[in-house]
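Coordinates in review
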Number of protein chains: 2
Amino acid sequence: MKTAQNAPIHLTRQRRLVLDILRESKEHLDADTLHQKAKARNAKISLATIYRSLAALREARLVQEHRLGDNHAHFEPARDPLHHHFTCLKCGRIVEFRSPQVMKAVRVFCTREKLELVDVRLELHGYCPACRPA
Amino acid sequence: MKTAQNAPIHLTRQRRLVLDILRESKEHLDADTLHQKAKARNAKISLATIYRSLAALREARLVQEHRLGDNHAHFEPARDPLHHHFTCLKCGRIVEFRSPQVMKAVRVFCTREKLELVDVRLELHGYCPACRPA
DNA sequence: GATAAAATGAGAATAATTATCATTCTCAAA
DNA sequence: TTTGAGAATGATAATTATTCTCATTTTATC
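Note that the coordinates shown come from a computational prediction; the quantities given were computed from them, not determined experimentally.

**Topic: helix α1 (residues 13–25) of chain B**
Residue and element names in this part refer to chain B. Between its first and last C-alpha atoms α1 spans 18 Å; for 13 residues at 1.5 Å apiece the expected length is 18 Å, and the two agree. Where α1 is concerned, the buried positions are Leu17, Val18, Leu19, Ile21, Leu22 and Ser25. As for α1, its buried residues are in contact with β1 (29–30), α2 (31–39), α3 (47–59), β2 (63–66) and β3 (74–77). Remark: Lys26 follows α1 within two positions and exhibits a positive phi of approximately 50°.

See below:
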């Protein structure tokens, strides 16, 4: 049985490219946008490879996947410390935030339950000041 | 606080049915399973109506949507206090937990940033004791 | 260099969700 | 009670996101 957990990632040209684009853009890119940007630099890269690279990079903890408002995934390079997102339900604006308290509480819970934590995803939804009702 | 966004929901027979099934099952049902269960009680209910009902119920804060491991949504009735989920990446087991500390930190952040909070979704991924590598 | 394993590209296939549209239901005003 | 407007529904088509297949290419190992 393979322990995908500790598999060192093989950083191929395509995976490197995907990671580089994510790191440079510092935005929450989705697979399709990533594909566009990748093609702009590399005539031949398949959307399937984008997805496969993202899966491998995520497995290696180099990228994080998020589910913001819409029903497709967004990705960003894993930064330390982790941060979280608030998405405005009306205008889609994203506000990022960090919270040592949240991370602490999560770690305490995982330790107590003997859970090995790979990924933390805290997503808030609501209305930003401009969109909240009077 | 009554707001423009959360118009009072019109609890039609179909929406009531969807909500009842969720409340009775106390599980994390996906749209398709919900459709099966609904059809078992009501000869005529469309999958589209399931989705529309879920959207309306979510808007009314009566149900919560989650993105657990697989790439489709799961739903459960909104319970108070909110709870969160840890999903094992290998076996899919779900461990629920509550955390006043997390909720407190979230509320402090939203107050400070003048954000109106509608939904909190904290999802942890990793390996459960049975699946974590030696 | 030979060979096995892994990664890739292209596009088909699948799954999840949303859109369309004709019909039905709800409810307030006449 | 009728009626008319707007909302909800059912059936299904359409769209979107993601995964799969398979032939080919690249990389790692001997």
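**Some points on the relation of the copies chain A and chain B**
Copies of the same chain, two in number, are related to each other by a rotation about an axis and a translation along it. Its rotation angle being 180°, the transformation that places chain A on chain B also includes 0.0 Å of axial translation and leaves an RMSD of 0.1 Å. The superposition operator between the copies reduces to a two-fold rotation axis.

**Description of the protein's contact with DNA strand D**
Contacts to DNA strand D come from 20 residues, most closely from Tyr51 of chain A together with Thr12, Lys44, Thr49 and Arg52 of chain B. Within 4 Å of the protein, atoms of DNA strand D come from sugar and phosphate in 72% of cases. One nitrogen or oxygen atom from the side chain of Arg52 of chain A is found 3.4 Å from a base oxygen belonging to DNA strand D. The side chain of Arg52 of chain B places a nitrogen or oxygen atom 2.7 Å from a base nitrogen of DNA strand D. Every element with two or more residues in the surface near DNA strand D is listed here: α3 (47–59) of chain A together with α1 and α3 of chain B. Sort the elements by how many residues they give to the surface near DNA strand D and α3 of chain A lands first, with four residues. Its residues placed into classes, the surface near DNA strand D shows six nonpolar, nine polar and five charged.

**A look at the nonpolar core**
The biggest cluster of nonpolar side chains holds 36 residues, and the ones touching the most others in it are Phe109, Leu122 and Leu124 of chain A together with Phe109, Leu122 and Leu124 of chain B. Mapped onto this core, the elements with two or more residues apiece are β4 (84–88), β5 (94–97), α4 (100–112) and β6 (116–127) of chain A together with β4 (84–88), β5 (94–97), α4 (100–113) and β6 (116–127) of chain B. Apart from residues no more than four positions distant in its own chain, Leu122 of chain A is found in contact with His84, His85, Phe97 and Val102 of chain A together with Val106, Val120, Arg121 and Leu122 of chain B.

**Let's talk about the pattern of salt bridges**
Residues and elements named next belong to chain A. One pass over the full model with this rule turns up 16 salt bridges over all chains. Across the pair Arg79 and Glu76 runs a salt bridge whose closest N-O atoms are separated by 3.0 Å. Arg79 gets classed as partly exposed once you look at its relative accessible area, which sits at 26%. A relative accessible area of 1% places Glu76 in the buried class. Beyond isolated ion pairs, a larger network of salt bridges with shared partners links Arg58, Glu65, Asp119 and Arg121.

Basis of the calculations
- Residues numbered from 1 in each chain as written.
- Chains lettered and ligands numbered in written order.
- Predicted model: local features only at pLDDT ≥ 70, side-chain atom pairs only at ≥ 80, totals over all residues.
- Heavy atoms only, no water.
- Helix = DSSP H or I, 4+ residues; strand = E, 2+ residues; numbered from the N terminus.
- Expected span 1.5 Å × (residues − 1).
- Buried < 20%, exposed > 50% of the residue type's maximum accessible area, 1.4 Å probe, protein only.
- Contact = heavy atoms within 4.5 Å.
- Least-squares fit on C-alpha atoms with pLDDT ≥ 70 in both.
- Near = heavy atom within 4 Å.
- Polar contact = N/O pair within 3.5 Å; in protein donor to acceptor, adjacent residues only side chain to side chain.
- Nonpolar A, V, L, I, M, F, W, Y, C, P; charged D, E, K, R; others polar.
- Core = buried A, V, L, I, M, F, W, Y, C linked by side-chain atoms within 4.5 Å.
- Salt bridge = Lys/Arg side-chain N within 4 Å of Asp/Glu carboxyl O.

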